[in-house]
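The chain contents come next:
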Amino acid sequence: MSGTRKGWGLVGLAALAGGAAVAWFGREVPRAMGGRVSGERADRVRRSPQWRDGRFQNTIPTLTMPSNTAKLAHDAFFGGQVRRPKRDIPIVDAAPSADATGLHITWYGHASTLVEIEGARVLIDPIWSDRCSPSQEVGPKRLHRTPIAVDMLPEVDAILISHDHYDHLDMATVQELTRSQDAPFVVPLGVGAHLEAWRVPADRIIELDWNEDVEIGRVHLVCTAARHFSGRGLKRDGTLWSSWVVQVGERKVFYTGDSGYFDGYAEIGERLGPFDVTLIQIGAYGDAWPHIHMFPEEGVAAHLDVKGGLMIPVHWATFNLAFHDWSEPVDRVWREAKARGVRLAVPRPGERVDVDLPPPVDGWWQAVA
């Protein structure tokens, strides 16, 4: 009899634990998916030149859904790609620098980057969670630790977001930055709805359309075009995506965000270039979605189009998001940069690069690939 009671007790505990997990999942996942664009924000979205037929659109026809699902399935199960490093990725512990003069770039992994520019600091697309997903139980998992705790970051002047996908806009990171920083979040149109849902104060949210700009202290930020899409659930393109220009005085940085290659880069270069340094998306590409992420060689072409000086590749090494070898993006970029005479720096996660005196490319990733 006692054994029966014990058995039912274990079943009850398991049921309670399962119920708690379902309740957590049912509460946290919808929260992580963000907010809905409504009210005055929706009115402004509808007035955007980028808004047509009920959604944001790119400047040229763009395939945003993967094509050839049979090939995708084949690559997923039989492609044979080495999608994880065989050894630990080398990390440089990113102790905050007291001196933000000059122009320095610290890449923390994926697209998360700190720009230190003539005494100002701008944090780009920060994600510190273990997974880029609405749930920390499932989804692409980080391949290396973060080089610095989010609450140990230096004080920044602005936090830039390029679009609302989970590997660029992370609820937990936003909430921690809301607590630990005073800087405003500068985002493309509509993305502020997610931030408000996560209790970011309205006076810390600045939303811009393409070709709009804002001054924050000495920092000049320009929202520029990209070729991508948006959405954190089944509905797509209700918020805008963008690239960004960061400028203080005569020093300028260009960040592509996520984007397929397009003629907008040449226009940005003519209007806003040249740039001292570019942060170029090079990873998570594939033949099935050629319009929304650049192939590495296209990343080098984009750098040249915007009239970049030093090129630093981002959006690789941290999460498995496509069916190519883990190290392939940077191998291809290094080869193409040498062929086209492009100055390149490939920092380890956490390594601070002096744009005026960048370290030589040493192929560090090849030792762990």
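What counts and what doesn't
- Residues numbered from 1 in each chain as written.
- Predicted model: local features only at pLDDT ≥ 70, side-chain atom pairs only at ≥ 80, totals over all residues.
- Heavy atoms only, no water.
- 1 Å grid on protein atoms, 1.4 Å probe; cavity = no way out; pocket = protein on both sides within 12 Å on 5 of 7 lines; lining within 4 Å.
- Points joined across faces, edges and corners; volume = space filled by probe spheres on them.
- Nonpolar A, V, L, I, M, F, W, Y, C, P; charged D, E, K, R; others polar.
- Pairing = 2+ DSSP bridges.
- Helix = DSSP H or I, 4+ residues; strand = E, 2+ residues; numbered from the N terminus.
- Axes fitted to C-alpha atoms, helices over the stretch in contact; angles between N-to-C directions.
- Phe/Tyr/Trp six-rings, centres within 6.5 Å; stacked < 30°, edge-to-face > 60°.
- Lys NZ or Arg CZ within 6 Å of the ring centre and 35° of its normal.

> Quick question: what am I supposed to make of empty space enclosed by the protein here?
Summary: where empty space remains is shown by rolling a probe the size of a single water molecule over the atoms. With the rule as written, the count across this model stands at one cavity of 30 Å³ or more. Of the volumes computed, that of the largest cavity is approximately 120 Å³. Considered class by class, the residues forming the lining of the largest cavity number eight nonpolar, five polar and two charged.

> Hey, could you run me through the sheet that holds strand β5 (residues 120-124) in this one?
Sheets are built from strands paired through backbone hydrogen bonds, the pairs being either parallel or antiparallel. Here we have seven strands laid out as an open sheet, ordered β8-β7-β6-β5-β4-β3-β16, and mixed in their pairing. Two strands lie at the open edges of the sheet, namely β8 (205-208) and β16 (352-354), each paired on one side alone. Across the sheet, the mean angle separating the axes of adjacent strands is 25 degrees when strand polarity is ignored. Pairing geometry for strand β4 (residues 112-117) and β5, over five bridges, is antiparallel. Counterpart to Leu114 in the pairing with β5 is Leu123.

> Help me out: how do you make sense of the packing of aromatic side chains in this one?
Any pair of aromatic rings gets described here by the distance separating the centres and the angle formed by the planes. The tally for this structure, following the rule as stated, stands at 14 aromatic pairs. Among the aromatic side chains, those forming a connected cluster through ring pairs are Trp107, Trp316, Trp326, Trp334, Trp364 and Trp365. Positioned above the aromatic ring of Phe275 is the side chain of Lys252, whose terminal nitrogen or guanidinium carbon lies 5.7 Å from the ring centre. Stacked on the ring of Trp334, the Lys or Arg Lys338 has its end atom at 4.4 Å from the ring centre.

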